[in-house]
Every structure is written in C-alpha cells, then in structure tokens.
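Residues per chain, in single letters:
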Amino acid sequence: MTSVTKDETDGAHVDQDLDLAEPPDPLLDEIMSDVAGFASLTVHDQPQTLEEIMRDTDYLELEGNMVGQEMVGGTSSVQNTPKKTVLNLAIPAGGIDADIGDTLSIKSWDSKGGRSVGSKKSHGSSQEHSKEFGSIMRHVILKAVSSQVCSAMERVHAGSPTCMATTHLIAIGTQNGFVLVFDSSQVIKWFLGGVDIGANYGAVSSLAFNSDSTRLLAGFARGQLIEFDIVTGKILRDMNDVHPAGSAVLHTKYTDDQNTAFFADSGGSVFELNMKRGLRGPGASARCIFSGSRGEVCIMEPLRVGGYPSHPLSDYSVLALATISKVIVITVRPKLKVLMTSALTGDPHTLPLLCWQFVVIQNPSFNKVVDPVLTFARDQTIHFYQVTVNLSDKIVFIPLQSITVNYRLLSCQWLNTRVMGLLSSTEQFHLLDVRSREQLETVDLTSVELVYQTQFFKGTATGGNVSAALSLSGEMAVYGSSTAFTNQLLVLGARTFHVLIIRSWSERLEHLLKNEKYPAAMQLGSEFYAEPGKGLVGLRGNKDRKRNLISMRMVGILKQFLDSSMTTNFPTEGGMGTLTKYFNEIVPPCVELCIKLNQTDLLFDSVWNTFQQDPFSSAVYLECLEPYILSDQLTTIPTNIVQQFVSHYHARNKLEGLEACLTHLSVMCLDIHQVMSVCQQHQLYDAIIHIYNNAMMDYITPTEKLLEFLGNAVKDNEELSDTEVKLGNKLLVYISQCLAGRAYPWGDIPKDKVKQVKYDVYSTITLLRSRQISTESEEGHATPPPYPHLHTLLQFDTQGFLNVLSIAFEEEEFNTEVGQCQKQRLVDILLEVMVKEDSPFTASQVGYLATFLARQLAKGDKTLGVSRDLFSRVLVMLTEGGSEAEQKDERQQALLDIVQSGEGGWDHFAEKDLEEKSQNVGFYKILEKLYERTGHHEKILDCYLLDKGRTLQVFSFLQSMLLDTCLPPSTLSLLKDQVMEKLYDLVELDCRKVASLVFHHKLISTIAVLEKLESNKPLQYQFLTHLLDYMENTSTPTTPVKTITESDQLGSEELYEGYIELMCQLEPHQVASYLKSKDNYSTSRALELCTEFNILDGQVYLLEREGRIMEAFNLLKTGLEGKISGLLSHLENSPEATSSLKWTSLNTNLIVVVTFCQRVSPSFPLNEREALWCPLLDLLVAPLSTLEEHKVVSKWREMVRHVISSMLGYVSHSRVVAAVLADPGYSEGSWAELKQLLGELIDTFRYESQLLESSKILIEQEKAVLLQKLINTKKKGISNFSLKCNICYKSLGTERALVFSCHHGFHASCLDNGGGVGLSDLGEELWRCILCVGARRKWVGSKEGSQGGFRVTPGEQVDKVDEKVAKAREFLKFYEKREESSQIFDPDRSYIKSDKFHLRLKPAMQ
C-alpha cells in the first residue's frame, strides 16, 4: 500500500516540488522573501496561469470573515479601502475600475445592496481550532466580473449565468447564449455569442479552454457546439452537425492535444471531437466512444499530462467516466481500451464526482514518484486510486484510501497536493486534509446563490428526452459552477463571482497579529512547527528548512509580544485577581512556544527577564516550567531560576511538585545547600536520595539515614503513621532498585558504578552493627540487636522485604560462586534473626520467611542449604499461634504459600504431622490441598462445611467432583456416603442447590434423600419444592455424569402426590391454587388427601374436575349453611351487630358458591340448572322470615338480590319469579321490594332481546359485505401477460380461448385435448388450468373445476355465473346501502356504534 506524501509547494505545478536540490539563492534571501511575503517578479516567457498572474494583486480583504462573527454591512474604512499586497493569491486583479478596487469584501458588497456570505467552522476539533485561530480560507468576490455579468443580464438580456471555465481567463456562459470572457485584470475581453445563437442553440451548457487559452469550446442546451478563437474573438468552428440535436451538451473538455476534445451529452453518450484545418478551412468530426445505452455518463474527466512530458502516461490519452452506477477508466489513444471499472456506492439519486491530481507518492521501495491520483466520489464517500505504469508497461490502479464524510457531496476539487475543497448539498464549503482526514474549515456559501445545471440534466430545452434516473440525479448538478487552481476555488453565483483562497502560513499569522491575538498566533505557530507540511501554503524546501523559517518568524512574534505585554497591554486597573488572570493568559503560551521551538536560551533570557519584573508573572512563569521538567523537556535550568523555583514552591507549600521536579533536574543546576535544607525540613526523601546519588555518588548514606528514621519508628511498637509507612515503602523500592542496578526514583545507574552500588547497598543492610545505632546505644546503656538494618526492614514489611531479596537473587552477581556464598550468608542471617526462641517476629512473619526459602529451593538452587528441621519448627510456630481470625488466616496463608512454593513444597513436612496440626488449629485450606493430593476427596466435604468463610463453596466442590470423569467408583461411593451423612447441613445451607445436585447428577437417589428428611417435614417439603421446580423448568440431562438404578428413583406422579400431602399439612391454603396449576397427579389420590385434611376448596375443584358437580355443590352448600347458622347464632346473641367478621366470611363464601354455579351452569340443561340455583336461593331466603332488625334484613336482602341477579340468564325468568313469590320471606315483604326485583327481571329480559336482535342484524350486514366482495372479485377482469397459449404457444386471438385467474391462457381445443375440461354433477362443462391443478387429477362434482376461468372467442365473450354469485345477488337486493367490511369494525364508522345497532351496555343491577 502506498501513501501520498505531504510535500506542499507555493507554485502552480507539482513538479516544482521534485527539485530536491538547494536553490541557488542564498538562504537568507529566501527566508526574508518568505517572511516578508515578497513574490517573485520573474518575467514569464510563456502565458501565465491564473495562479501566477494573481500574485501581483490589489484586492480587498474579507474583513469579518472570522468564524463566529456575524457579517453585517459596515462603514469602516478598513473594510472598504483597497490594500496593496504582493502575497500569492489566485484572483484576478488590476485594470478596470482600478479607482474603486478590483475585488469586493463581503461587508462592502453587503453595504451596496448585495448579500453577505458568512463563514462557519466544522464540528469537532477543527471548530475549536478555527474559533481560536481565525479562518484558513479567504473569501472574496470579484467585483468587476460580478458587475459586468449583472450589467449584461440587465442591458442586453444575456440571461442569468449557467456555467463557467477558467485559466488565466474567465469565461461565463449565460442562459440566452452569450459568453463573457474576462482577462486577468477583470476587464471584459470578449462578448461572444448573441441573441441569434441563444435563439437557435439555447443556453450555454458547458465551457472549456484549451491548454494555452487561445480557444474556447462551448456546448449548448440543444446539442450544438461552437469553438471560439480567443485571440480574435471570432467563431472558429460552428459545429452544429457533429452531434445530433436533441441532447444537451453537459461537458466539454480539451485534451493535451490542441485539436482533440471530448464532450458528453444528456443522453449519457461520450464523443471524441477532432478539430483540424483542411483545404476548405476549419473542420471537425466526432465519434461516439461510449453509448448512453450502456449507462448514462454523468461526468467525464480526461487526464492531462502536459506538465509532465517524461511521464509514462504521456503516450496515452486517458479518460475517466462516471455513470450513475460505476466508474470506468479508458484509453482513447493509441487505442480504445477499458482500463478499470469500479462500482459506485452511496445513494443512487446523487451524481458521481471525478477529478485528477498529480502527487508525490512514496512507494514500498522508499522511492518517491510523481503519479496521477484518480479521485471519484458519490454521496458521502471519496475514493483515491494511484494510476501508474508497471514494469510490464501496463497501466495499473492502486487503491490508496477511502474517506467518508458526514454530508452529501455536490463537488470535490483538489486545491493542492494535500487538501481538497468539497461542496456539500447544503452549500457548505469544507476544506479537507486528505492525509490526516481532518476537516480543517467550513465556509457557509448559502448566500452565494450557487448556479445549478439541473435544466440541462433534465433536458428542458429539448422536451425532457432524458432518462428518469439521470433527471432525478441531476437535481443537484453543479459541475460547471466551480473550478479549482492551486490553493483556490472559484465559484459561480447567480449574480456574483466568488473566490475562496487558502491563506499562506504568514498571512494566517498576520491575520491574528493584526487583531492583536498574540497567544493564538503563538499557538498556531507551534502547530505549524510541529507539522510543517499540514495544509501550509507559502513554504518551500525540506522539513528542516520549513521549521527554520517558522522558528525565525515565531521568535520575532514572541519578542514583539514580550515588548507589549508589560507596557502597552499591561492592565492599568484591577487588583490581584486581574493580574493573575492576565498573566495566566499570556505567560503559558510564551513558555510553550519556546519549548516547542527548542529555544531554551530565549526562554531563560528574554522571557524570564520580562516576567521576573512582576511577582505575579514570575510566579506563573515558574509554575509553567513544572510539566516540562517532569516530561524531561527541561533538565538543565540556570541556577538562579532554580533557586527562585525552589523558593516559590516552598513558600506555596507545593512540596510534592517540588520533590518530583528536583528528581528530574540535573544536579549541576541545583543549589545543593538550599535544596537539602528544604528537603530535610519537609522529609522529601526522593529528592534527598537523588542528590546523594547523583551529586555525591553516595548510595550508602541515604540508606543508613532512612533506615535510622524507620528503625526509630518501628522500635516504639506502635502503629505507624502514613508518613512512616510512606518512608518505609520508599526505602524498600530504593533498595530493590539499587540491588537491581537501576537508579531511584527513575533512570539507570552508570554502568561503571552498578556493581559497586549493589555491593554497597547489600553490605549496608547486612551490617552486624550500625554506626548510628551503636553510638546511641552506648549513651543509653542498651545492647543493640545484631543486624539492626535487617531487623528494621523485616519488622516493617517482612513479605515486601523478602520479595525484594527474591528479585535481587535473580541478578547475575548472585549466580557466581561468590554471589552464592553471599546468598547463603544472607539466608543464615535471616534464620538467625527471625527463627529463635525469643524472636520478636510473629508466626506469620516466620511463615513468610519459610515461604521465601521454599521458593528459593524450588528453583533448583542446590547451593542453598536449609535444615529440614527448620520447616518443622515453622509448622509448630504457625499452628500454635493465636486464635484470632485475622492472625489465623495470615498463618494459614503463610503455610499454604510454603506447600505451594514448588514441586517440593510438600516434602518439607510429614503428611501425618501436617494433617494432625492443621486439624487441631482449623487450617481447612491446607487440609483440602492435602486431601486432594492424597486422593481422599470425600474428606474435603468437611473442610468446606467446617470452614465458616467457605461453606457456600461446598456446592461448587461437589459440582466439580461430579463432573470429573476420572474419579473411581469407590471415591464416588465414599463421597455419596459423606453427602448423606451431612445431608441436613447441606439442605439447611442451600436446599435449592441440593435439589439441583440430586436432579442433574443423580448422585443420590430421591428416595434416600426423602427418607433421610422424613423426620423434618419442613425441610422435606422445601426440598421437594425445588426438586419439582427443576423437573418442570429444566430439561433432564441426556447423558448424566453419574446414574443410579431406576428402582432408586420415584416416579413423577408419586413425587407430586407426596408433595401435595406435605402441602396439605404445612400450607393448606396453597393446595387449591396448586392443584389448579398442575395436572400431573392422580385426581383420586389428591381428593383423598384433601378429604383427609379437610381442604374444602381443593375437594370442590377435584370433584368438579371429575364431573361430580352436585357433590361439589353440596360441599359448598354445607359450608354455606354452617356460615349462615353461625351468623344467625351470633345475631341472636348480639342483634345489633351488623359489622361483624362473620358477615364478611358469609359474603365471601356466598361469592364462591355463586361463582361455582355460574361456572358449571352452561354444562347443564336448563331444567337441571334449577337443582343448583333454587336450593341456593331457598337457603338464603328462608332466614328472612325470622329476622327483625331492619339493618340486618336490609343486608340479608342484598345477598338474596345478588343471588337472583346472578342466576338470571341461567334459570328461566318465570321460575325465578315463582321461586321468589312462593317464599314467605318475599311474599310477606313490602311491594317496593318486590317491585324492585321484578324491575330487574324485566331489564334483563329487554337486554337479552335487544342483544339477540342486534347480533342478527350485525351478522346479516357482514354477510352482505362479504358477498359483495365475492361478486366484485368474480366480475374483475383477468389478464394474460404473454397473450399466447401455454400449450401450443400461438396467439390466443386466433381461436376460442380461456384465461384463468392464475393468468395462464389456453386455446379451448388445446385445453380440451390436455385434459383441462370436465363435467359437473349437473352435466355442465368445468374448466381448469392444467399447469396449476394438473391434467390427471380427477373431477369431483363442481368443486374441482371452479378455477374462475372464462372463455374468450374473437368478437364474443361468455360469462359463467356461479351459483353462489346468483344467491349473493338475490341477498343483496334486501340491502340498498352496501357498506365496506372495514367500516363495520372501524372505530369511527363502526356499525356497532351506529343508530342501527341499538344494543348498549347491560343495565346495572340496583
């Protein structure tokens, strides 16, 4: 994969970039030329390009075109006054209207009645960048060109602009056939075309200059072409016959050959145009090289290699085409050949885009070559292909990259070899850096009124004779409205001509300096220096030369800023806050710029001298140095500044930052006395060590001093403070770094000092007596312990210090013979210090030592000698320690580390002794590993159950054991016995997991578990609950790991019955709901259980399920009688008790009985339903005659009315009335109560009658609609697509024919011969499609042939009327208004909601 280089130039041609030799001019002259912006005034022999001519331009700069600024008309003289400049700009200048300027800024155009054009930035980082640094693009309007175009529109009726072409000349075509040609001074040179041409040929649809700008080729909307001579202003060729009229000429392009051009039309075809002078004068001929019938070409772009005559492609005429669906690259000369095709992605309703650009490319062999890059795009994706000639003289296309943007593209143009200018569908200009894929800037062009060529793609001038696809895609065509030169884009607006120019790097800086934005300019310059090739214009040479230019310019800006920052710009008002804010804004950019430019001399001279004048600025300056010191960008600073730095940080109490910075600074620039005083005062140990190690090359003194401080802290036997812990940790790291040959806190020790440093530090920590400690001990008359430094380190962090030694033992010095002796000596010292009778170390600390030794032995170090008795003593110490949980865990972990230290870890102990002592002290992790090692897996179960911290992990252990296929049956048997023995413990721990083990692994039989839990019914019930849940919701393993015999398992029905029995005993209120939710039990057995335990609701459900309705009803009735009796007894004792719970209980029981009767009544005949409802009614009505209290009677009658209203619809109304009147409770009541009851009966009767009537109407209405649809379907015509017989394949119109609803058509004779006709029961002919039904299928009555076919004869049509259709027509006569079926169920037009449907909600019972 190749990559495009980022080399940028200032000139118009890429080949100038290839001149890698130093220019002949002195470097200073070139630097001054670039910095001051002087342009070369060399006289060109050949015609200049627009880029070259526009360098010497008087122009009006677009003031206010900054992002975020609103551009409004102004009267400022700065905005409207032309300014002379010699910067490289690609816009015409000078000449006509010189007194009022050549270009017009956006603001001045607005003030004259034009429209303002704003600039806005892209999203993301580029937006932040541009808001700070200003616009990269300069946007100007060519005033003279714009005014002449508007004048032509108004005075000579030239029409609005339609397209343009540019070189050092500008040509603009108009709607009425005019072409306006301007020179480089914006002076109108020729006014070509005219009214006659516009009337005959239509609008100018495309324009193109040849390479030397002496001829102009114009295409017109009606298909004609004209070539103009720009030198004389005359028509050179009027080619109205080389292209058929009727298709607009969309594109015209000259090739490198002055007499050859290409053009494309709205029919999608591409032509080669040959223009040569013959005996009869100028002539022309055209040949079609691509026909639009193979896909309409939307855009074409020839490769012009004239600037590179030595390039291998100069012998070819290459043309890139883009249709709506793909890109095609062909050679026209020397022969027509397709080189490459590629499908286009994206929205097919958008037009493709094409462009070429020669760039410098780095190939895989690290050679630079100049090759053209084909760029094609559509919608939101841009593709780049390198085009080159390989060693076999074959043209190849190498994909480079693809870029996806977040907007739809209208146009894409290369502005230089690095950046592209893109136009989006929202008329936004986007500046895109191709290599970094970064969007540098966005400019709003919506007010430009961009000219679109839509009319030509739609063929409006030729009657719209274009394809629908091309017409739709051409809605946003702007091919002829923008052209690109180096660093500029020219855009054609409806009334204005615009130029977007990339500012040079010096212009961008000057733009900010003019607005006094020095910090922004310095930051922008820093970015230029970091990436001098990124979209920069105005820099020549290699990378180092560009950086030198930028550096010199930025140094000048910095000095200028320093002069003004403390004088003219210094705030004259405000307090400390104002000054602090001011210096925080100006000082960091200065420091950052010096660091990035590597100008440390300037940083410590001019910058420091400027800011040390004020205490606030000097403080900010010093604090700005910190990040660069920590990143090692500043390692050497003048001593006077370091002194100020230390004093400032000390005064501000920023000690951590000070310590970090001191460790990164060279000791040569430090004031040792000052630094050591501050560090010792505030215990900045890192800095102290750094100074001792690097300034004095002393590694012993800091070790001894820190050990002294730490020893005093440890000696007190009190909890260490955070500062002391931090000191100890630093000391351990320091010792580890030194023993490993690395510097502290970072870096490396000089190679010639490494061995000496290791020896010094090792000797220091293994000293038998310390000088510091012995002196103090003599004064205090106390004998210091031997090896005090080791005592201190081991007491502070035994495990950490031993890890330090373990790392040190890996160094090569300890692998020599002397080193091994030193290692053995150190081990002996450690044993002497820690393993003794009056040892101050805890058992856990001794265990760490044993672990350390075991790991060293496991490494195979045979020279290290350790007594076996040592580990026995360690075992005794670890197993006879305190009983506190924390200490116990530490001792157990220490012992576990020893046995797991390597392959020989277990060999240090006798297994029986280890097991016995571990059991006594409760080291269950040790026992687990031991039993696992010896194969006694069944004993591990107790290790989990007895270890309180790991009891829940026992199920994971059992799971792993059961999944282990390597376990012998004997081990499984022992494990099963252990599980059964500890079953109660396991079930109480987690009953669900026990059920899971039993169900999934079949280790233990269900019978054994239930028998074991027989004495504890709640546990047994809980176990069965989870087991049955697994059986119902989890699939049984297809191949369980462990299986048992079928005799050991209970059947599913037996389990459910046992579970129901337990539920009856423990949760009787859940029985009925459970029985309703399950069906995998014996109904008879469940009924026996419910009867045994008196579960009434369960009995009722089971009796109902068996169809024994009356028995269930009698049970409910008996229960209801008991409730009534209880309530009556309660009322006799308390006549006024109307809110007793017995009322609530009776109502609840009554609702259950009524619900039961309503549920079972539909399954009974009408006469048998009375056997349910009448006894219930009698039971409730009977007590009415005995009740006297008015409130009690009222509540009782409410219950009676509830029963009566519930039985309506199930029992005949007459029977209900008879039952009520026959009862003394109602017959002796008042007429008002009887009237209310009769009213309810009548309302119910009316409701049911209306329901029946409305339902009948609704059914008939729906039937009518469906029949209407059937008739419409039968009347619908049937089409045949081929109009040929599907048997003989001759036309159906030659004889009598039939066409079926499946669209197959046959001649009647062919279908008869093929078995497609039969007779119905009535003797009628029945026809069928033999392709769909089959010829061999038997005819059965009239059902077989009803395929919906009919016969067609020439001049005659025979309809066959279906019997169903005839009946439907008769039925529809009863309905004059026919509604659609959808209206019946439509919420707004529903028949149910109409006046025809009289049924409403059922009347509520009072």
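Along each chain, residue indices are assigned from 1 in the same order as the chain's sequence is written. Confidence filtering applies because this is a predicted model: local features only for residues at pLDDT of at least 70, side-chain atom pairs given and counted only at 80 or more, and all residues used for totals across whole chains, interfaces and linings. Only hydrogens and water are set aside; all other atoms, that is, all heavy atoms of the structure, feed into the side-chain values.

**Q** Before we go on, may I ask you to explain the overall build of the protein in this structure?
**A** Labels follow the DSSP assignment, with helices taken as runs of H or I lasting at least four residues and strands as runs of E lasting at least two, numbered in each case from the N terminus. Each helix and strand in the protein was counted, giving 53 helices and 38 strands. Note on exposure labels: buried denotes an accessible area under 20% of the residue type's maximum, exposed denotes more than 50%, and partly exposed covers the range between, all computed with a 1.4 Å probe on protein chains only. By residue count, 50% of the 1406 residues in the protein fall in the buried class. Accessible surface, the protein: about 66700 Å² in total, of which carbon and sulfur atoms supply 50%. Each accessible area is a Shrake-Rupley estimate made with a 1.4 Å probe; only the visible protein chains count as cover when residues are assessed.

**Q** Even after reading the chapter, I still don't get the pattern of salt bridges, so can you show me in this structure?
**A** Each salt bridge in this description consists of a side-chain nitrogen of Lys or Arg and a carboxyl oxygen of Asp or Glu lying within 4 Å of one another. In this structure the tally under the stated criterion is 31 salt bridges. Put simply, Asp-433 and Arg-418 hold a salt bridge, and the shortest N to O gap is 2.6 Å. One end of the pair, Asp-433, is in strand S28 (residues 428–433); the other, Arg-418, is in the loop between strand S26 (409–414) and strand S27 (419–424), with 15 residues separating them in the sequence. Across the pair Arg-950 and Glu-928 runs a salt bridge whose closest N-O atoms are separated by 2.8 Å. Here Glu-928 lies in helix H32 (residues 924–934) and Arg-950 lies in the loop between helix H33 (940–946) and helix H34 (954–963), a separation of 22 residues in the sequence. Glu-928 matches Arg-950 in its accessibility class, with the two residues each being buried.

**Q** Where do I start with the pairing of strand S19 (residues 317–323) in this structure?
**A** Note on strand geometry: in a regular strand, side chains alternate between the two faces of the sheet. In terms of residue burial, S19 counts as a mostly covered element, since seven of its seven residues are buried. Here a strand pair is declared whenever DSSP counts at least two bridges between the two strands. Note: strand S18 (residues 297–302) against S19, five bridges, orientation antiparallel. Looking across to S19, one finds that Glu-301 is bridged to Ala-320. Sheet topology note: the S19/strand S20 (residues 326–333) ladder contains six bridges and is antiparallel. Residue Val-318 lies in a different strand from S20, and its bridge partner there is Thr-331.

**Q** When you look at the sheet that holds S18 in this model, what are you seeing that I'm missing?
**A** Each strand in a sheet pairs with another by means of backbone hydrogen bonds, the pair being arranged parallel or else antiparallel. As summarised here, the arrangement of the four strands in space is S18-S19-S20-S21, forming an open sheet in which the pairing is antiparallel. If you trace the sheet from one side to the other, it starts and ends with S18 and strand S21 (337–343), each paired once. Ignoring strand direction, the axes of neighbouring strands in this sheet form an average angle of 20°. To obtain an axis, a line is fitted to C-alpha atoms, over the contacting stretch when the element is a helix, and the angle between two such axes runs from 0 to 180 degrees between their N-to-C directions.

**Q** Got a minute to help me understand the packing of helix H10 (residues 505–514) against helix H12 (residues 543–565) in this structure?
**A** Two measures define how a pair of helices packs: the angle their axes make with one another and the distance between the axes. It is at 12 Å that the axes of H10 and H12 come closest, and there the two elements cross at 10°. The pairing of H10 with H12 is recorded here as roughly parallel in orientation. Two secondary-structure elements touch here, H10 through Trp-505, Leu-509, Glu-510 and Leu-513 and H12 through Leu-549, Ile-550, Arg-553, Met-554 and Ile-557. Polarity classes work like this: nonpolar for Ala, Val, Leu, Ile, Met, Phe, Trp, Tyr, Cys and Pro, charged for Asp, Glu, Lys and Arg, and polar for all others, with Gly in that last group. Partitioned by chemical class, the residues of the contact of H10 with H12 number seven nonpolar, no polar and two charged. Note that the term roughly parallel is reserved for angles under 35 degrees, roughly antiparallel for angles over 145, roughly perpendicular for angles of 65 to 115, and oblique for everything else. Any two residues having at least one pair of non-hydrogen atoms within 4.5 Å are treated as being in contact.

**Q** What's the story with helix H27 (residues 817–834) in this structure? I'm lost.
**A** One turn of an α-helix holds 3.6 residues; hence residues three or four places apart share an orientation. Take the number of residues in a helix, subtract one, and multiply by 1.5 Å to get its expected span. With 18 residues, H27 should reach 26 Å at 1.5 Å per residue; the first-to-last C-alpha distance of 26 Å fits that figure. Among all positions in H27, only Gly-819, Lys-823, Gln-824, Leu-826, Val-827, Ile-829, Leu-830, Leu-831, Val-833 and Met-834 are buried.

**Q** I would appreciate a short explanation of the pairing of strand S14 (residues 249–254) in the present structure.
**A** A large share of S14 lies buried, amounting to five of its six residues. As judged from the five bridges shared by S14 and strand S15 (residues 260–265), these two strands associate in the antiparallel manner. Across the sheet, the residue bridging to Lys-253 is Phe-262, located in S15. The turn joining S14 and S15, which pair antiparallel and follow one another in sequence, is formed by five residues.

**Q** What is the right way to look at helix H28 (residues 843–858) in this model?
**A** Spanning 16 residues, H28 covers 22 Å between terminal C-alpha atoms, matching the ideal 22 Å at 1.5 Å per step. In terms of residue burial, H28 counts as a mostly covered element, since twelve of its 16 residues are buried. If you check which residues of H28 are buried, you get Ala-843, Ser-844, Gln-845, Val-846, Gly-847, Leu-849, Ala-850, Thr-851, Phe-852, Leu-853, Ala-854 and Gln-856.

**Q** What is the right way to read the sheet that holds strand S29 (residues 438–444) from this model?
**A** With antiparallel pairing, four strands are arranged side by side in an open sheet as S26-S27-S28-S29. Where the open sheet ends on each side, the last strands, each with one partner, are S26 and S29. On average, each strand axis in the sheet is inclined to that of its neighbour by 20°, with strand direction left out of account. By the bridge criterion, five bridges tie S27 to S28 in an arrangement that is antiparallel.

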